[in-house]
Amino acid sequence: MEFYLCPIASGSSGNCTYLHADEQRLLIDVGVSGKRVTEGLTEIDIDPTTLKGILITHEHSDHIKGVGIISRKYDLPIYATKLTWERMESAQMLGKVKEHNQRIISKDEPIYFGELMVTPYSIYHDSIDPVGYVFEYMGKKMVLATDMGKVDRKIVERFYNADGILLEFNHDVNMVEVGSYPFPLKQRILGDYGHLNNELAAKVLAHIYHPNLKWAILGHLSNENNLPDLAYLSAKNALLEKQIEIGKDLQVTVANRYNLTPIHRV
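Cut-offs applied
- Note that residues are indexed from 1 along each chain, following the sequence as it is written.
- With the structure being a predicted model, the display of local features is reserved for residues of pLDDT at least 70 and the display and counting of side-chain atom pairs for 80 or more, all residues being used for whole-chain, interface and lining totals.
- Based on all heavy atoms of the structure, the side-chain values leave hydrogens and waters out of the count.
- Between buried and exposed lies partly exposed: a residue is buried under 20% and exposed over 50% of the maximum accessible area for its type, with that area taken using a 1.4 Å probe on protein chains only.
- The secondary structure listing takes helices from DSSP runs of H or I that are at least 4 residues long and strands from runs of E that are at least 2 residues long, numbered from the N terminus.
- It is the directions from the helix axis to the C-beta atoms that the arc portrays.
- When checking whether two residues touch, look at their non-hydrogen atoms; a contact exists if any pair is within 4.5 Å.
- Note on pairing: two strands pair once DSSP finds at least 2 bridges between them.
- Note on method: axes are straight lines fitted to C-alpha atoms, helices fitted across the in-contact stretch only, with angles between N-to-C directions ranging 0 to 180 degrees.

Trainee: Explain helix α3 (residues 67-74) here, please?
Mentor: Within α3 the residues assigned to the buried category are V67, G68, I70, S71 and Y74. Buried residues of α3, viewed axially, fall in a sector of 165°; they line one side. Residues of α3 that are buried sit in contact with β3 (24-28), α1 (34-43), β4 (53-55), α2 (61-64) and β5 (78-81).

Take a look at the structure:
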């Protein structure tokens with residue numbers, strides 16, 4: 001069995017993640033160029049023609065600007081909620097997409113790709129109908145959780161018993177507050193429908209830890225308001241408070257903004 005996740009790009013400038021469950025191969029978002037996606041897949045020896053589809057979290061450009069290109073090139077279905085589809089189509093965000101490649105998903109309703117079960121779940125973000133994803137295959141579970149201003153009990157429950165998680169560590173609050181962004185943008189980032197900060201994300205990670213959680217990828221870091229070392233240190237400190245040691249009890253990796261992050265298997 002091969003069940004793994006590999007971020008091709010992760011950050012405020014573009015996001016794309018590859019999910020592999022043996023013959024079931026998916027992209028989650030394509031917020032980078034088609035060339036970069038193809039190069040990233042080639043780097044891990046994946047033929048793009050074997051992809052089964054593209055899952056969309058929400059319609060912001062750093063998540064969808066390359067979706068239409070990849071769909072047209074490889075004739076791939078695109079999965080998004082009805083409201084997200086309506087927004088993408090009304091604003092002509094994807095270009096022309098073949099009708100048979102327009103797939104509507106619903107929150108909390110699983111989608112099946114062979115034995116791979118994908119469940120979209122509701123999150124808090126300033127887009128029309130954003131989702132995160134839970135992936136379950138052959139008794140193993142991985143979670144993608146980015147672009148959320150806060151987490152509640154229902155969201156955290158999605159993370160329980162995961163074998164691996166890609167979790168947003170977007171910004172350091174102090175860097176946002178003293179930075180050069182205009183005040184309305186600062187409010188957006190720090191608000192309940194913005195992005196998870198390092199401290200909150202670290203607390204979530206420590207809370208959901210269990211002995212079978214093999215790894216956590218710290219993702220979607222802001223280029224202007226975060227540093228990889230700050231995100232890592234936040235996670236390390238929160239985990240140590242619960243006697244969880246990175247390297248011994250849990251593998252923690254900061255996702256690469258511009259290059260491939262190593263494959264993470266469960």
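Trainee: I keep staring at the environment of N170 and nothing clicks. Help me out?
Mentor: Along the polypeptide, N170 turns up in the loop between β11 (164-168) and α6 (173-178). Assessed through its relative accessible area of 4%, N170 is described here as buried. In the structure, N170 is positioned 103 residues away from V67 in sequence and 23 Å away in space, judged by C-alpha atoms. Sequence-distant contacts of N170, defined by excluding residues within four places in its chain, comprise I189, H195, L196, N198, G219, H220, L221, S222 and N226.

Trainee: Help me understand the sheet that holds strand β10 (residues 140-145) in this model?
Mentor: One key point about sheets: their strands pair by backbone hydrogen bonds, in either a parallel or an antiparallel sense. Reading across the sheet, the seven strands line up as β7-β8-β9-β10-β11-β12-β13 and stay open at both edges, with mixed pairing between neighbours. The strands lining the two open edges of the sheet, one partner per strand, are β7 (111-113) and β13 (251-254). For this sheet the average axis-to-axis angle between neighbouring strands, irrespective of direction, equals 20°. Summarising the sheet, β11 and strand β12 (residues 215-219) pair through five bridges and their orientation is parallel. The residue of β12 that forms the bridge with G164 is W215. Sheet strands in contact with helix α8 (residues 198-208) are β11 and β12, and its direction is about 160° off that of β11.

Trainee: Would you mind showing me how to read the environment of V37 here?
Mentor: Residue placement: V37 occurs in helix α1. Using a relative accessible area of 1% as the deciding quantity, one classes V37 as buried. Separated by 127 residues in sequence, V37 and G164 place their C-alpha atoms 22 Å apart. Sequence-distant contacts of V37, that is, excluding residues within four places in its chain, are made with I8, C16, L27, V30, V32 and I70.

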